[in-house]
Amino acid sequence: MGAVQVLAPPRAAVAKKAVNPWVIALTVTLATFMELLDTSIANVSLPHIAGGLGRSFDEVTWILTTYLVANAVVLPMSAWLSRVFGRKNYYMACVALFTLTSFFCGIAPSLGVLLLSRVLQGIGGGGLAPVEQAILVDTFPPAKRASAFALYTVAIVTAPAIGPVLGGWITDNYNWRWVFLINIPVGILSLYLTNRFVSDPPVFKEEREKAKKNGQFKIDGVGIGLIALGSAALEIMLDRGQIDDWFGSRFICWLFAIALVCFAVAIYWELKTDDPIIELRLLRYPNFAIASVFYFIFGFGSFATAAMIPQMLQSLYGYQAVDAGLVLGPGAFVITVLAPVGAQLVQRKIVHPRMLLAFSLVTISASMIYYSGLTLQTDYWHYAFARAFQGLGYAFFFVPLTVVAYSQLKPNENNRASSLTNLFRNWGGSFGISFATTMSERRQSFHQSVMSANLPASGAWLQDSIRQTTNYLMTQGYSHADAVRAATLRYYNQLTAQTSLLGFMDVFRAIGWVTLAVTPLLFFLQKFQLSGKPSGGH
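Parameters and conventions
- Residues numbered from 1 in each chain as written.
- Predicted model: local features only at pLDDT ≥ 70, side-chain atom pairs only at ≥ 80, totals over all residues.
- Heavy atoms only, no water.
- Helix = DSSP H or I, 4+ residues; strand = E, 2+ residues; numbered from the N terminus.
- Rg over C-alpha atoms; globule rule 2.2 N^0.38 Å.
- Buried < 20%, exposed > 50% of the residue type's maximum accessible area, 1.4 Å probe, protein only.
- Contact = heavy atoms within 4.5 Å.
- Areas by Shrake-Rupley, 256 points an atom, 1.4 Å probe, with all protein chains shown as cover.
- Axes fitted to C-alpha atoms, helices over the stretch in contact; angles between N-to-C directions.
- Parallel < 35°, antiparallel > 145°, perpendicular 65-115°, else oblique.
- Left-handed = near helix turned anticlockwise from the far one by under 90°.
- Nonpolar A, V, L, I, M, F, W, Y, C, P; charged D, E, K, R; others polar.
- Polar contact = N/O pair within 3.5 Å; in protein donor to acceptor, adjacent residues only side chain to side chain.
- Phe/Tyr/Trp six-rings, centres within 6.5 Å; stacked < 30°, edge-to-face > 60°.
- Core = buried A, V, L, I, M, F, W, Y, C linked by side-chain atoms within 4.5 Å.
- Patch = residues over 30% accessible without salt bridge, like charges linked within 9 Å, V, L, I, M, F, W, Y side chains within 5 Å.
- Salt bridge = Lys/Arg side-chain N within 4 Å of Asp/Glu carboxyl O.
- Disulfide = S-S within 2.5 Å.
- pLDDT = per-residue confidence, 0-100.
- Expected span 1.5 Å × (residues − 1).

## Focus: the overall build of the protein chain
Here is step 1 of the chain: A tally of helices and strands in the protein chain yields 24 helices and zero strands.
Here is step 2 of the chain: Computed over C-alpha atoms, the radius of gyration of the protein chain comes to 25 Å, within 12% of the 24 Å expected from 2.2 N^0.38 for 538 residues, which places it in the range of a compact globule.
Here is step 3 of the chain: Viewed in the frame of its principal axes, the protein chain has a C-alpha envelope of about 105 × 55 × 45 Å.
Here is step 4 of the chain: Counting over 538 residues, the protein chain shows a buried share of 54%.
Here is step 5 of the chain: Relative to all contacts within the protein chain whose residues are 6 or more apart in sequence, the contacts with residues 24 or more apart total 83%.
Here is step 6 of the chain: Taken as a whole, the protein chain presents about 23400 Å² of accessible surface, with 67% of it coming from carbon and sulfur.

As structure tokens, this is what we get:
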């Protein structure tokens, strides 16, 4: 009888551990995919939202800004919050808040209610990606993490790319409110699966219990305040900078000053605090520090191009939102197919992560240079090929990068590391989108001034071309005045389209050179081995 009582607990434990790790991986990826989808799905719906709520387009752009600001504020705190409340509890709370606020976004009767709902939605969504990453690291042993992060790669790269396509299709065929309401069934399913299959790993539980007994769960109020205020100021500055003419605006100058002071003080404070909200000491590991730079570059390039390509195709080539989004499809397909291949190459030790990262960075740079050579006559297939070429680079990038990032960390540091890596990726995305928006407009103005200087309005060739077009239009029934106006406008639009394209091409070229410039950091990675067991995370 006593033997039966002794054996019962181990059986229960074995039953719990019998959950297939891939079920756990799919479960946590589901909500993360949903959250990342929401970073871009509303972009193409803004004109419809403005019309539906009776507000200006400039006002409704805050729908995007408020979400990104709330996301940026919560993201660095997610590791600390998951330690305080328990990883599973915190993750489910994030999913529940995200799902509930998606409902309120969908039924919002006014812009004020919608903005408040988006702030709360961003708070819920901010914790999903870093917690998922921590769960994957603790669920799979180092030798098998590559395969798990292949799935994660597909989610974080394809979700922002699919967002505009799905948002445009929903808006065109149904109503903009469904852009938010589609999150509800996904959120409910995620809650059920998480409750059923996910649990905190033993190492994580032991760390929490030990911290509770020692009274280490003190609220880092100063750190929270500094990071929240600094992150909010930085995100708003990056999102509104080009709209408000950057440092020509007093508002932007104040935001920059607030962000700079808050982050400077926060770094000093967090390094001296025993239980900081962000564990900056992890950057003492060379591999993690270098990987953090690459996470930033990953976000910088992938988010910038995902936002820029649809905008370019719609404004210059006349693509509809859905058609422009479909150009991103081949890249997502290549990543979906090849990311698992890259995982196997790393997992089976066929190719060292350093070599895969080198190949990826060079390929991404080459794809950007390829983009920069396209013209106004380029068709869909050339853009689709360029995106697939870029996808080839990203397919072999994120998996080895994640392996490198966690290669020198202890199991009890995985949770905090996931917040930092996602913070750098998020910042990279924000900087990338802001960079692409600003540089494309500035370079367009530059090219327009150069072309205008070399092709003056009074030039013989331009005047002769306008005259010929005017005569042709008059044969089609135009009056002389209308024909002159139409002919002049035609050549002005051609000039604008050409200079706009040149501006976009300069951005692609710059992203390519920036990506290539960080490649030498690979030589500073320290050696590590792919071995070990999981922490027991479920």
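## Remarks on the environment of phenylalanine 294
Here is step 1 of the chain: When you line up the elements, phenylalanine 294 lands in helix 16 (residues 286-317).
Here is step 2 of the chain: What makes phenylalanine 294 buried here is its relative accessible area of 1%.
Here is step 3 of the chain: As a C-alpha pair, phenylalanine 294 and leucine 357 span 63 residues in sequence and 9.5 Å in three-dimensional space.
Here is step 4 of the chain: Apart from the residues lying within four places of it in its own chain, the contact partners of phenylalanine 294 are Leu361, Phe397, Leu401, Val518, Leu521 and Leu522.

## Brief notes about the packing of helix 9 (residues 128-139) against helix 22 (residues 414-454)
Here is step 1 of the chain: At a minimum axis distance of 8 Å, the contact between helix 9 and helix 22 shows a crossing angle of 135°. Taken together, the axis directions place helix 9 and helix 22 in an arrangement best described as oblique. For the element pair helix 9 and helix 22, the recorded crossing hand is right-handed. Each of Ala129, Pro130, Gln133, Ala134, Val137 and Asp138 in helix 9 lies in contact with helix 22, whose residues at this interface are Asn414, Asn415, Ser418, Ser419, Thr421, Asn422 and Arg425.
Here is step 2 of the chain: The residue inventory of the contact of helix 9 with helix 22, partitioned by class, reads four nonpolar, seven polar and two charged.

## A short note on the side chain of threonine 66
Here is step 1 of the chain: Among the structural elements, threonine 66 can be located in helix 5 (residues 62-74).
Here is step 2 of the chain: Reaching out from threonine 66, the side chain makes a polar contact with the backbone oxygen of isoleucine 63 at a distance of 3.4 Å.
Here is step 3 of the chain: Here threonine 66 is in contact with Leu115, Arg118 and Val119, once residues within four sequence places are set aside.

## Side note on the environment of leucine 338
Here is step 1 of the chain: Mapped onto the fold, leucine 338 is located in helix 18 (residues 329-347).
Here is step 2 of the chain: When neighbours within four sequence positions are excluded, leucine 338 is seen to be in contact with Leu392, Ala395 and Phe396.

## A closer look at the packing of aromatic side chains
Here is step 1 of the chain: Evaluated as defined, the whole model comprises 23 aromatic pairs.
Here is step 2 of the chain: Taking 5.4 Å as the distance between ring centres and 85° as the angle between the ring planes, the aromatic pair formed by phenylalanine 298 and tyrosine 394 counts as edge-to-face. Separated by 96 residues along the polypeptide, phenylalanine 298 in helix 16 and tyrosine 394 in helix 20 (residues 380-395) bring together distant segments of the chain.

## As for the nonpolar core
Here is step 1 of the chain: Ranked by internal contacts, the top residues of the largest apolar core, which has 93 residues, are Leu136, Phe288, Phe294 and Phe397.
Here is step 2 of the chain: Setting aside its immediate chain neighbours within four residues, leucine 136 contacts Ala25, Val28, Ala148, Phe149 and Tyr152.
Here is step 3 of the chain: One finds Tyr317, Leu328, Ala497 and Phe508 within the second-largest nonpolar core, a separate group that totals 28 residues.

## Structural notes on a nonpolar patch on the surface
Here is step 1 of the chain: A cluster of nonpolar side chains, contributed by Leu100, Phe103, Phe104 and Ile107, occupies part of the molecular surface with about 360 Å² of accessible area.
Here is step 2 of the chain: In this structure, isoleucine 107 sits in helix 7 (residues 87-107).

## As for unusual backbone geometry
Here is step 1 of the chain: Its identity as a non-glycine residue notwithstanding, tryptophan 246 has a phi of 45°, on the positive side.
Here is step 2 of the chain: If you trace the backbone, tryptophan 246 turns up in the loop between helix 14 (221-240) and helix 15 (250-272).
Here is step 3 of the chain: Of note, lysine 349 is a non-glycine position whose phi angle comes to about 60°, a positive value.
Here is step 4 of the chain: Of note, lysine 349 is situated in the loop between helix 18 and helix 19 (353-371).

## A word on the environment of glycine 221
Here is step 1 of the chain: In this fold, glycine 221 is placed in helix 14.
Here is step 2 of the chain: Residues glycine 221 and leucine 191, 30 residues apart in the sequence, show an inter-C-alpha distance of 30 Å.

## A closer look at the pattern of salt bridges
Two side chains with opposite charge may pair up if their charged atoms get near one another.
Here is step 1 of the chain: Evaluated as defined, the whole model comprises seven salt bridges.
Here is step 2 of the chain: Note that aspartate 245 is salt-bridged to arginine 442, the shortest N-O span being 3.9 Å. With aspartate 245 in the loop between helix 14 and helix 15 and arginine 442 in helix 22, this residue pair connects regions lying 197 residues apart in the sequence.
Here is step 3 of the chain: Several salt bridges converge on common partners, so that one network encompasses Glu279, Arg281 and Arg416.

## Notes on the state of the cysteines
Here is step 1 of the chain: The final tally for this structure, using the stated rule, is zero disulfides.
Here is step 2 of the chain: Cysteine cysteine 94 shares no disulfide, and the gap to the nearest cysteine sulfur, in cysteine 105, comes to 16 Å.

## Brief notes about the confidence of the model for the protein chain
Here is step 1 of the chain: Summary statistics for the protein chain give a mean pLDDT of 83 and a share of 92% for residues scoring 70 or more.
Here is step 2 of the chain: Of all the helices and strands in the protein chain, helix 1 (residues 2-17) carries the lowest mean pLDDT, 44, while helix 19 carries the highest, 94.
Here is step 3 of the chain: Ignoring residues within four places in sequence, the model shows residues 1-16, a span with pLDDT below 50, making one contact including any to other chains.
Here is step 4 of the chain: Per-residue pLDDT stays below 50 along residues 532-538; that stretch engages in 31 contacts with residues further than four places along the chain or on separate chains.

## Comments concerning helix 19
Here is step 1 of the chain: If you check helix 19, its first and last C-alpha atoms are 27 Å apart, about what 19 residues at 1.5 Å a residue would give, namely 27 Å.
Here is step 2 of the chain: Those residues of helix 19 lying buried are Pro353, Leu356, Leu357, Ser360, Leu361, Thr363, Ile364, Ser365, Ser367, Met368 and Tyr371.

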